[in-house]
Amino acid sequence: MPQWQQRVSYLVGQPVGISLINGQGVSGVLCNVDERQRVVYIMTYLYQSQYATKHYRFDEIQNITPFPGCYAPPPQPYPGPFF
């Protein structure tokens, strides 16, 4: 069993990146994992306010990883006009 399969149920509802066997990748929110049918469902962004739920078979997936946390540096003070 690939390592991603051991932890994937903990990632449901979280933003993830999926690397596929064919070299492509997809990212979005992991919606569901169907162990019986061996499929994962992911909500991906399409355009403007459009989203799509896509599914991928376990045998198409190389790895699933959670998104890393964000680090936003503190805003810099505006120095004002230079006269």
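Structure report, in brief.

### Thoughts on the sheet that holds strand β3 (residues 39–47)
Ordered by their spatial adjacency, 5 strands build an open sheet running β4-β3-β2-β1-β5, and the pairing between neighbours is antiparallel. The two strands at the open ends of the sheet, each matched to only one other strand, are β4 (50–57) and β5 (61–66). The sheet shows a mean angle of 40 degrees between the axes of neighbouring strands, direction not considered. Where β3 meets β4, 8 bridges bridge the pair, whose relative direction is antiparallel. Bridge pairing in β4 links tyrosine 41 to histidine 55.

### With respect to unusual backbone geometry
We note that arginine 38 has phi near 60 degrees; this positive angle belongs to a residue other than glycine. Along the chain, arginine 38 turns up in the loop between β2 (25–34) and β3. Here glutamine 48, not a glycine, exhibits a phi torsion of approximately 50 degrees, which is positive. Following the sequence through the fold, glutamine 48 ends up in the loop between β3 and β4. For glutamine 48, a relative accessible area of 55% puts it in the exposed group.

### Quick look at a nonpolar patch on the surface
A cluster of nonpolar side chains, contributed by Val29, Met43, Tyr45 and Tyr51, occupies part of the molecular surface with about 390 Å² of accessible area. Look at methionine 43 and you get partly exposed, because its relative accessible area is 30%.

### Quick look at the side chain of threonine 44
Along the chain, threonine 44 falls in strand β3. You can call threonine 44 buried: its relative accessible area is 4%. With residues near it in sequence (within four places) discarded, threonine 44 still touches Val26, Ser27, Tyr51, Ala52 and Lys54.

### So, the nonpolar core
Ranked by internal contacts, the top residues of the largest apolar core, which has 15 residues, are Ile18, Val40, Ile61 and Ile64. Breaking this core down by element, the ones donating at least two residues are β1 (15–20), β2, β3 and β5. The residues touching valine 40, leaving out its near neighbours within four places in the chain, are Trp4, Ile18, Leu30, Asn32, Val33, Lys54, His55, Tyr56, Phe58, Ile61 and Ile64.

Rules used throughout
Residues numbered from 1 in each chain as written. Predicted model: local features only at pLDDT ≥ 70, side-chain atom pairs only at ≥ 80, totals over all residues. Heavy atoms only, no water. Pairing = 2+ DSSP bridges. Helix = DSSP H or I, 4+ residues; strand = E, 2+ residues; numbered from the N terminus. Axes fitted to C-alpha atoms, helices over the stretch in contact; angles between N-to-C directions. Buried < 20%, exposed > 50% of the residue type's maximum accessible area, 1.4 Å probe, protein only. Patch = residues over 30% accessible without salt bridge, like charges linked within 9 Å, V, L, I, M, F, W, Y side chains within 5 Å. Areas by Shrake-Rupley, 256 points an atom, 1.4 Å probe, with all protein chains shown as cover. Salt bridge = Lys/Arg side-chain N within 4 Å of Asp/Glu carboxyl O. Contact = heavy atoms within 4.5 Å. Core = buried A, V, L, I, M, F, W, Y, C linked by side-chain atoms within 4.5 Å.

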